Amino acid sequence: MAAGTTTAEMTSAAPVTRRRTPTGDAIRQLRKNKMAVVGLIVILIMIFIALFVDTSLFTFFTGGKAQPLIAPYHYAEVDFLHANAPPLTRTEEGKFYILGTDYLGRDNLSRTLYGSRISLSVAIVAATVSLIVGLIYGMISGYGSAVRDNFMMRVVDFLYGFPLIIFIILMQVYFKALSATDDTNPFVAWLIRIDDAMGGIFLVFVAIGLLNWLGMARIARGQTLSFKRKEFVEASRSVGSNDGRIIRKHILPNILGPCIVAETLAIPGYILLESFLSFIGLGANPPTPSWGIMISETYQAMRVAPMNVFAPAVALTLTTLAFNFLGDGLRDAFDPRLAD
Amino acid sequence: MYKRSYVVMLLLALAAMVFSACAAPAVPAGDSSGSDGDMAGDMGPVTVRYNLATEPPTVDPALSTDTTSSAVIRSIDVGLTRLNPEDSSAEPSLATDWSQSDDGLTWTFNLRTDIPWVKYNADSGEVEEVTGDDGSVMYVTAPQVEYGIKRACDPETASDYAYILYVIDGCEAANIGEGAVDDIAVTALDDATLEISTTYAASFFPQIVSMPTAFPTPQGVIEEFGDVWTEADNIVSNGPYAMSEWIHNDSMQLVKNPFSPLWAEDSRAGNVDVYNFVMIEEASTEFAMYENNELDDSTVPQDQMDAVFGDGSAYGDEGHIAPNNCTYFYGFITKKEAVSDPNVRRALSMAVDRVTLVDQILKGGQEPANSFTNPANFGTVAFDPEVAPWALTEDLGGTGYAAAVEMGKQLMADAGYPDGEGLTLTIGHNVSEGHARIAQAIQAMWTAAYPAIQVNIETQEWGVYLDSIENDAPMENKPDVYRLGWCADYPHANNWVHEVFNPDAGSNRIMITPDDPAIGDLVAEYTQLTKDAQTASPEDSLAMYKRAEQLLVDEMAAIIPIYFYTTVRITKPWLNRLYANDPYFEYWTLDQSGQEGM
């Protein structure tokens, strides 16, 4: 695959004569990339599983208790008599554990399926937060005066040294304390409600997003710098467009593609970071399953019940690979040097 | 003492008290009763490789509060008495005999004066006797015991365990700053006689002075080096072993102290010359090292229980299970709104399926608990169906779990939470795989019994966790339910119901107060009862302790007793050790040819 350093040229070099849009070209290019298509399909399947693993999508609005839909059992359903059961165990009560059970007799398959929720949520929440923050910051920095640009980029350099783990711990402690004090601020109450619904890990995602926009800000700034001197921007300015309109109509649409590609490539990192945080105990509240938690809770019993570790590990690998392939495919698709 | 984790605890038990040196009649010098290093021939010193599981927080006897510290301290220091590993009775150690005055309030200890202070000399690699300015050997004497006890009571020392000595007249006043340390009623009449006055006639006093908190300590060394007097370069000690090396958070080495009279006088003495301790926190790592023959003894991780103890185990008879004088329990912060109603607390306690927990999850031979005081103590009411019968099986005269849950459902509905509807609570525990499993199992049991209940689990690192559940910690930092283990310091119910939960005397993490609107009268009764039991005759006190347990576990329902601990170990065939509450390192024997043969 080609190195993705030529994003600056790609839109300006778009072959106008063929009456095709850059996006249409990119999609055609993407469809030729088999690995990227497979990655996309895997991700779509994952999203489907995450949405319909149980009925909570409906009960979140209507109230009531969610029932398992795709998953055979609820993730917290214990069966103490069949702890650490091997795969394909059928019990006297008629339960069937395709991937066996963990140390409390919870179905590995169900927990792995439920675990997709956490991993996909981090992909969406952290990526969205970091994309929005990074884009805005980068464009403000790149578009303004050299002095402001210099100052804002030094701030980014400074933040690169900020310790992520400490920030996440502080964030969790702060919001836990807030939720204990009956704060009536509707925004906080809403945040805490979402956090509870996601097993106490939503705020971790926000924290990840809030600290990972730095790379995005640099990309957005670089893109903005290169576009703000382009002829069509000059032309727009010469007919009286103000800065806001130039940014909205000319710069943002042009830099958005490469920025999204860069963000897609960062998603596997977020998923792994979530697993890592869960592994060291900073993640979801038990019994909410996250792949990282499942691995950390059971790896010591790997010799006794290997499927406990294997199932979430395979799911984790598949998901990160899928995002990587899709990200690579997107990058190549937007790269005009590889166009046919 | 608090158990850090049940895994660690399985291992280092503690109930306390160890070391006595001279129970056996003196043996003529030269006639070695155990075995000495010379039997090893050219195989080098007899060495046991053992995992302490954690860095000992201290080896200063006055500051020790945990099992790891006390295991080391009891190996390198001696107290007035030591506890018999079999029945935890007080045996002579530094004191050869003792007597109680007619009113029961004054104890006189006669001390031996031939135990020298020793220090490891890193240059020569030998343990050497400490000599005074005039070159004469310094022996452990009564004034040093007096210093040790007064130092532990001194608020300057900040010993968290000083309250264990509050039975000594003047100790409590001095410790809380209302009296002078000099007024504490411990007096060395001469080098060999010590007189101690107590505030009440405590029959278990000889067992209390077996605890490190009451050990003699070397005043000169402490004053010379301050806080770092316990480092390997500075420490002087007097026990069967001496510390030769302590690399913090990594390893520690003890070497045999040839000047300790224990080796010649105690027929139970073992033959180990050197203990190499490591500090591996993770049980699975420890077990892997054991399998790899890097350790001679190990805990058994929960997931390996079946492999070690199951039929046809590949480990033969290397696995060992022994009772341990500790109780695993959940305590309620009764001032938290969610659990302020005793009916809710009792319903939660009823919904804990102790038998399933022990048989299916722990699998270490633990006993389901219906009371706080462990069965190994005087005054215990364990398995008595008149105390919390809903925690006992039908076989023991209890109600069984199914009936208990039905009762619980009723109580929950009466309290205004039908099926747990509207009840949200948080379980707190310190970070550990084992605690996490138990918490999740109990979370699942509560959810099964009361489907609408919302149970959260929070974990914290051990030190932070202990701080957050202290009686005076900020309420918003506390969970509704906390987990702890308690291990006997001396085998008497006083150490349990009085010293842990009495609101006037104990740490009282459950925050019971006589002005509680729901259980105030019961708290007042409990407070008075456990205090009166101290001075009652042993026969009368039995009924009082039973009533106190009924109050604690059932009527106030301030705690959920869960199970009585066992020590679960796996030991190489060439090591012969005890599985008592403390390790008793000095009694271990090792067949060096077996170890070398691997």
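Source: prediction; values computed, not measured.

So, how was this worked out
Residues numbered from 1 in each chain as written. Chains lettered and ligands numbered in written order. Predicted model: local features only at pLDDT ≥ 70, side-chain atom pairs only at ≥ 80, totals over all residues. Heavy atoms only, no water. Phe/Tyr/Trp six-rings, centres within 6.5 Å; stacked < 30°, edge-to-face > 60°. Lys NZ or Arg CZ within 6 Å of the ring centre and 35° of its normal. Helix = DSSP H or I, 4+ residues; strand = E, 2+ residues; numbered from the N terminus. Contact = heavy atoms within 4.5 Å. Buried area = accessible area lost by both parts, 1.4 Å probe. Nonpolar A, V, L, I, M, F, W, Y, C, P; charged D, E, K, R; others polar. Buried < 20%, exposed > 50% of the residue type's maximum accessible area, 1.4 Å probe, protein only. Core = buried A, V, L, I, M, F, W, Y, C linked by side-chain atoms within 4.5 Å. 1 Å grid on protein atoms, 1.4 Å probe; cavity = no way out; pocket = protein on both sides within 12 Å on 5 of 7 lines; lining within 4 Å. Points joined across faces, edges and corners; volume = space filled by probe spheres on them.

(A) Quick look at the packing of aromatic side chains. Applying the stated criterion across every chain yields a total of 35 aromatic pairs over all chains. Residues F162(A) and F167(A) carry aromatic rings whose centres are separated by 5.7 Å and whose planes lie at 75° to one another, so their mutual orientation is edge-to-face. Put simply, the rings of Y50(B), Y241(B), W263(B), Y275(B), F277(B), F585(B) and W588(B) pair up and form one aromatic cluster. It is K95(A) that lies over the ring of Y73(A); its NZ or CZ is 5.4 Å from the centre. Positioned above the aromatic ring of F227(A), the side-chain terminus of K230(A) is 5.6 Å from the ring centre.

(B) Region of the structure containing the environment of L273(A). Residues and elements named next belong to chain A. Mapped onto the secondary structure, L273 falls in helix 12 (residues 243-279). Expressed as a C-alpha distance, the spacing of L273 and G292, which sit 19 residues apart in the sequence, is 9.2 Å. With residues near it in sequence (within four places) discarded, L273 still touches L164, I208 and N212.

(C) Seen up close, the interface of chain A and chain B. Contacts between chain A and chain B engage 18 residues on the former and 20 residues on the latter. Buried area between chain A and chain B, both sides added, is near 1800 Å², and the carbon and sulfur share of it is 50%. The largest contributions to the chain A side of the interface with chain B come from F80(A), Y103(A) and Q300(A), which together make up 35% of the buried area. Looking at the side of chain A that touches chain B, its residues break down into ten nonpolar, three polar and five charged.

(D) View of unusual backbone geometry. Within the chain, L88(A) stands out as a residue other than glycine whose phi angle is a positive 60°. Mapped onto the fold, L88(A) is located in the loop between helix 4 (56-62) and strand 1 (89-90). A relative accessible area of 59% places L88(A) in the exposed class. Of note in the backbone geometry, N293(B) takes a positive phi value of approximately 60° without being a glycine. Overall, the relative accessible area of 16% leaves N293(B) in the buried class.

(E) Representation of the nonpolar core. Residues W446(B) and L552(B) are the most contacted members of the largest nonpolar core, which totals 158 residues. With seven residues, helix 13 (residues 433-449) of chain B is the largest single contributor of residues to this core. Apart from the residues within four sequence positions on either side, L552(B) is in contact with F372(B), V497(B), F501(B), I510(B), Y526(B), A557(B), A558(B) and I559(B). Within the second largest apolar cluster, 52 residues are counted, among which are A127(A), V204(A), V261(A) and A322(A).

(F) The arrangement of empty space enclosed by the protein in detail. Residues and elements named next belong to chain B. Summed over all chains, the structure comprises five cavities of 30 Å³ or more. If you add up the space inside the largest cavity, you get close to 40 Å³. Every residue lining the largest cavity is listed: G428, H429, E458, T459, Q460, Y465, S468, N477 and P479. Where the lining of the largest cavity is concerned, the elements lending two or more residues are strand 16 (424-430), strand 17 (454-460) and helix 14 (462-468). Sorting elements by how many residues they give to the lining of the largest cavity places strand 17 first, with three residues. Residues belonging to the lining of the largest cavity are distributed by class as follows: two nonpolar, six polar and one charged.

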